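# Summary of structural features
Here is what each chain is made of, one letter per residue.
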Amino acid sequence: MGNSLKAVVAFVPSDECQKYLLEDLEEMPVDKMVDLSGRQLRRLPLHICSFRELVKLYLSDNNLNHLPPELEQLQNLQILALDFNNFKALPLVVCTLKQLCILYLGNNKLCSLPLELRLLQNLKTLWIESNCLRCLPEVVCELSLLKTLHAGSNALRSLPGQLRCLQELRTIWLSGNLLSEFPPVLLDMPFLEVIDVDRNSIRFFPSLAHLPGLKLVIYDHNPCRNAPKVAKGVRRVGRWSEETPEPRKRSGAVVEITLIEKPSPPPATKPEAE
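Since the model is a prediction, treat every value here as computed from it, not as a measurement.

Right, let's talk about the packing of aromatic side chains for a bit. Considering all chains together, one arrives at three aromatic pairs under this definition. Here Tyr104 and Trp127 contribute two aromatic rings whose centre-to-centre distance is 5.5 Å and whose plane-to-plane angle is 40°, an arrangement assigned as tilted. Remark: Trp127 occurs in strand 5 (residues 125–127) and Tyr104 occurs in strand 4 (residues 102–104); sequence separation between them is 23 residues. Owing to a relative accessible area of 7%, Tyr104 belongs among the buried residues under this scheme. On the accessibility criterion, Trp127 (6% relative accessible area) is buried.

Rendered as structure tokens:
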């Protein structure tokens, strides 16, 4: 079905039109997964909420801006993808799905997250990239099992000190924000393995050599005058990484060394869901 036809049909709320968009999805699939991505949906068909054993629900790339209260029936749901939609606020019904492990909220219009998000105590991966967040919602710091946080492409200028409470956090992606300094709280998180602060406004990097768990730090595209110092074996991606020396100081002046080869950052693709 062409996207243009889907877009027209999506405006018609009749059951027949909704069936057309869903391509006759009437029974729960054997694999307990429903993928309705890219269907031009403007509302979630209610009969999907009757699939009570559903484990994975993908609603990416639609035109959704609300969800029905009946979604609460999906208490076995572990993965919910709501990215690339039109949500200005996270529907509170999402916070009733207490078995969620992975939640995709990227590429919406979120300016905040509700306090009820703290109810998702099984959440391990949270994607909130490409929204309208000016600060990292402190409720994120209450997700005690969180391992991966994607918060790039927002308007973050700092991180809350409470973030250090997330002792299960291993990777944090902050590319494309408005950080003018390296977030001090990250220096108190020795369990971090991956730190991405690519494309910010950081001018100076403190030493990260004391972080024993660190494996990768991405700091490219910052107006920095130094590279972060790291322990042996830690990979750096950015200016003056392991392949190229840092500028030398002579008589108080910094002498730039020509970069012959500059490593490229890894592709910005989603990793496999945990």
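Following the structure, the description resumes.
Further remarks concern the sheet that holds strand 7 (residues 171–173). Taken together, the ten strands give an open sheet; going across it, the order is 1-2-3-4-5-6-7-8-9-10, and neighbouring strands pair in parallel fashion. In this open sheet, the two edge strands, each paired with only one partner strand, are strand 1 (33–35) and strand 10 (235–237). With strand direction ignored, the average angle separating the axes of adjacent strands in the sheet is 5°.

Before going further, it helps to spend a moment on the side chain of Thr171. Inspection of the secondary structure assignment puts Thr171 in strand 7. Ignoring any residue separated from it by four or fewer positions in sequence, one finds Thr171 in contact with Lys147, Thr148, Leu149, Leu192 and Val194.

Once that is clear, we can look at the state of the cysteines. Summed over the entire model, instances satisfying the criterion amount to zero disulfides. Unpaired in terms of disulfides, Cys111 finds its nearest cysteine sulfur in Cys132, a separation of 4.7 Å. The thiol sulfur of Cys141 is not disulfide-bonded, and the nearest other cysteine sulfur, from Cys165, lies at 7.1 Å. Since its relative accessible area comes to 7%, Cys141 is described here as buried.

This paragraph deals with the environment of Asp31. Mapping Asp31 onto the fold places it in the loop between helix 2 (15–22) and strand 1. In this structure the C-alpha to C-alpha distance between Asp31 and Val55, which are 24 residues apart in sequence, comes to 8.5 Å. Within the local environment of Asp31, its side chain forms a polar contact with the backbone nitrogen of Met33, the two atoms lying 3.1 Å apart.

Right, let's talk about the pattern of salt bridges for a bit. Scanning the entire structure with this criterion turns up four salt bridges. A salt bridge links Asp188 to Arg164; the nearest nitrogen and oxygen atoms lie 2.9 Å apart. Remark: Arg164 occurs in the loop between strand 6 (148–150) and strand 7 and Asp188 occurs in the loop between strand 7 and strand 8 (194–196); sequence separation between them is 24 residues. Taking the shortest distance from any N to any O, the salt bridge between Glu193 and Lys215 comes out at 3.9 Å. Of the two residues, Glu193 sits in the loop between strand 7 and strand 8 while Lys215 sits in the loop between strand 8 and strand 9 (216–218), which places them 22 residues apart along the sequence. Overall, the relative accessible area of 25% leaves Glu193 in the partly exposed class.

Definitions and cut-offs
Residues numbered from 1 in each chain as written. Predicted model: local features only at pLDDT ≥ 70, side-chain atom pairs only at ≥ 80, totals over all residues. Heavy atoms only, no water. Phe/Tyr/Trp six-rings, centres within 6.5 Å; stacked < 30°, edge-to-face > 60°. Helix = DSSP H or I, 4+ residues; strand = E, 2+ residues; numbered from the N terminus. Buried < 20%, exposed > 50% of the residue type's maximum accessible area, 1.4 Å probe, protein only. Pairing = 2+ DSSP bridges. Axes fitted to C-alpha atoms, helices over the stretch in contact; angles between N-to-C directions. Contact = heavy atoms within 4.5 Å. Disulfide = S-S within 2.5 Å. Polar contact = N/O pair within 3.5 Å; in protein donor to acceptor, adjacent residues only side chain to side chain. Salt bridge = Lys/Arg side-chain N within 4 Å of Asp/Glu carboxyl O.

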